[in-house]
Structure formats: C-alpha cells, structure tokens
Amino acid sequence: MQLFVRDSETLVLDACEQTTIAELKAAYAARKAYGIDAEQALVLLHHSRQLQDNATLAEAALYNGATLSVCSRLRGGGGDGGSTGAESRSCYLEMYAQRKPDKVNPLEELLARSTRCRLSGERLAPPCVADELGSLFNKEAVVHALLNKTMPAALSHITSLKAVVNLKLEPAHKAGGSSSSSNGKNGKANGSSSSSDAADFQCPVTGLELNGRFQFVIHRSTGQVLSERALREAPAAVEELLGGKWAADDLIPVNPQGEELEKRQQAVAAAAAAERAKKKAKKAGKEKEREKVAAAASAALDGAGVAGAVADAADGVAAVGSKRPPAAPPAAAAAAAVAAGGAAAAKKLKLPAGATPEVYASIFSTGKPKMKETYCCRSASGRGLGM
C-alpha cells in the first residue's frame, strides 16, 4: 500500500500491512536524510491521533492512500519546566482535589487570643477573668459553661469561679479620645464601632496595647493586667499601683506559648493533684475519727455489759433464800434510768413566785381531773374533750 507522509512537503512511502510505525518512521527519516536516530524524535499522526511505534499498519487501522502528518517531539522534562509526556489529567485532579488550608498569620492569632474570649470567641468585655494558664475569658461565658456543664475538655481545670482571677483592665485610649473598653457583644461604644484589629485594653503604666505583640502578666492578688516592660522599667509605679511589692509566683503570663505554656500546664496539674491529695487525706482523717468514736462507744457498751453482769451475779447471790425479786436486765435498767432522769427533771421544774403546784398544774390539760365515762352518759367532757 502507498501512504502519504506530509510535513513541509508530501512524500509517498510504500509499505505492507505488517510494517510497524517505527519502520515507517525510519524509512521517512532515510528519505529526508535526518540521520540514524532521527526517527526517535519524530511522531506520526493520523487524523490528530498519535501512532504508537510498536503497532503495525493494520493495527493502526491505516489503509491504502492514507495521509499521515509528521512532527517532532518537544524538548523538556529535565527540570526546565517542559513536559515529559507522563502527565495526565488525573494528576492535576488529585493535586487540587483537596484544598490545602490557608496558613494563619501568627500576629493575627495572637491578636485574636488577646482581644477575644477563648471560650465563646466574642470580643472581650468587662467583667473579664483569666485562668492559671493565662487565657482570657468573658466572665459571663465561664459562668454559663459551669452552670450548663459544657466546659470543653481543654479547660477542664476550671471547675468553679475559684479557679479564675477577676481582671482589672485599663481601657485603651484611642486617637479620638474615646475608649472601647465598654464594647459589648456588638463591638460598639458610645455609638462608634471599634476596628476588629484594634486592642481594647492597654497597660496602665506604659500604655502598651494588649494586642499580643507585647508580653503582659496578671497580678493574681489584685487582678491587675500589666506589661512586662512596666515591671522592668517602672517598678516604683507598679508597686504604687499594686499597693506593695510583688513576687514572681504572684504573676501569671498572658497567653504563654512554647516551653512557658508547658511549664504552666505542669504547675496547674501539680496543684490539682495536691488539692486532690489534701481532700483525700482530710476524708481519711474524718473516717479515722469516726472509727475512734465508734470504738469508744463499743468499749463503753462492753463495759456497761460487764458491770451489769457483775451486778446480776451479786443480786443472784444475795437473793438466795430471800423473797426479793431478781434485778432487771441491763436494757431495762437503762430505760428505767432514762425515765428516772426525766422524772427528776420534771421535779426540778421551777414554779412562778406565789404559785402552788395545784394552781400551776391547772393551766395545762394534764393537770385537769379526768371524768369517767358511764354507760348512760357519753358526754364530751366524759370523753376528755373539755367542751
């Protein structure tokens, strides 16, 4: 069969059905005098369909008089941005199937942790509190989570309001002379809205804003929020503000990170373990005290039983050959002692001045004489109703 191969001109090549595409390219390269290995850089196309080198003309569905186009392979694939021919549409689909999460700006994250409640995500608005890890909260959100028992596992160390510190925050003074410390949930104060990237509070000594870019600490005793620069550069002003000197143990860093955060977590865990051990020891002490009381009561009862047995034996010896009845058992003796004690207390009742026992007893119903009910008269007075 005859095939027409066209590039800048058209060539006629003779071949049979068993001729491969590679052999056809070699014949074309020989006719064009491209060289021995030139056919490796050539590509034969039939109706825009690339023909494989190992396929025969019959397998490629070529017929007598078919027209083929020839082109050369493009250079590339060596890391120069070219194509290697191995790419496919599925590679790009897999590449963009799952969108990678956008990287968070560290400054934006610090700003959010310093200006918003960690529990509710709302803007910080007084009254505010902080836990032992230095995280900031709106007090209303903490109370709501404690009442509804919806505290996250990461904040499980907050078991009551005793675990948080009430904060004293200095409002940030804006350029317009207004402060945004009274920002509510809508972020408005005095009819003007505050910018989402502006800090609402500042250090009362240095004026640095609480926006995450500066290190702040919390004085546990007073709840005052100060910058570390104030502690270094103006210790006298800080002492005057706090009402005295401070210790390093009284300071809680605001939003610590890295090793400092790990140290704070370990300290909080150790304090919680010590508190549990203290409660357990206190409970054990109460149990021991109860056991001691029970043992003392048991010993007293045992002693009373021994004394009663000795008295019974003595009564039994004395009653031999006499008409005296035997003594009552210890339980009956105890009941009789209680009754005798009650009678003695009643006898010691003090009467008002000038009153006789009969007159004083007449005030109460127990002192009235009871009327006996007869067969013929079933009066109310006879039944003791006093009507």
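These lines cover the structure that appears in this document, whether it is placed above or below.

Conventions adopted
- Residues numbered from 1 in each chain as written.
- Predicted model: local features only at pLDDT ≥ 70, side-chain atom pairs only at ≥ 80, totals over all residues.
- Heavy atoms only, no water.
- Helix = DSSP H or I, 4+ residues; strand = E, 2+ residues; numbered from the N terminus.
- Expected span 1.5 Å × (residues − 1).
- Buried < 20%, exposed > 50% of the residue type's maximum accessible area, 1.4 Å probe, protein only.
- Arc of directions from axis to C-beta.
- Contact = heavy atoms within 4.5 Å.
- Salt bridge = Lys/Arg side-chain N within 4 Å of Asp/Glu carboxyl O.
- Pairing = 2+ DSSP bridges.
- Axes fitted to C-alpha atoms, helices over the stretch in contact; angles between N-to-C directions.

1. Topic: helix α1 (residues 21-32)
Next, step 1: Taking 1.5 Å per residue, 12 residues should reach 16 Å; α1 reaches 16 Å between its end C-alpha atoms and fits that length.
Next, step 2: Along α1, the residues that are buried comprise Ile21, Leu24, Lys25, Tyr28 and Ala29. In an axial view of α1, the angular spread of the buried residues amounts to 135°, which keeps them on one side of the axis.
Next, step 3: Here the buried face of α1 lies against β1 (2-6), β2 (10-14), β3 (42-46) and β5 (67-72).

2. Some thoughts on the pattern of salt bridges
Next, step 1: Taken as a whole, this structure holds 5 salt bridges when the rule is applied.
Next, step 2: Note that Asp200 is salt-bridged to Arg123, the shortest N-O span being 2.8 Å. Here the residue Asp200 occupies a position in the loop between β11 (192-193) and β12 (201-202), and Arg123 occupies one in the loop between α3 (106-115) and β6 (128-130), the gap between them amounting to 77 residues. One exposure class covers both Asp200 and Arg123, and it is buried.
Next, step 3: Counted as one network, the salt bridges with shared partners bring together Glu132, Arg220 and Arg264.

3. Description of the environment of Met1
Next, step 1: As for its position among the elements, Met1 is in the segment before β1.
Next, step 2: For Met1, the residues in contact, after removing those within four places along its chain, are Leu13, Asp14, Ala15, Glu17, Leu57, Leu62, Tyr63 and Asn64.

4. Considerations on the sheet that holds strand β13 (residues 216-219)
Next, step 1: Sheet architecture is open: 3 strands sit in the order β14-β13-β15, paired in antiparallel fashion. The open sheet has two edge strands with one neighbour each: β14 (225-227) and β15 (251-253). Recorded for the sheet is a direction-independent mean angle of 35° between the axes of neighbouring strands.
Next, step 2: Sheet topology note: the β13/β14 ladder contains 3 bridges and is antiparallel. What sits directly across from Val217, in β14, is Leu226.

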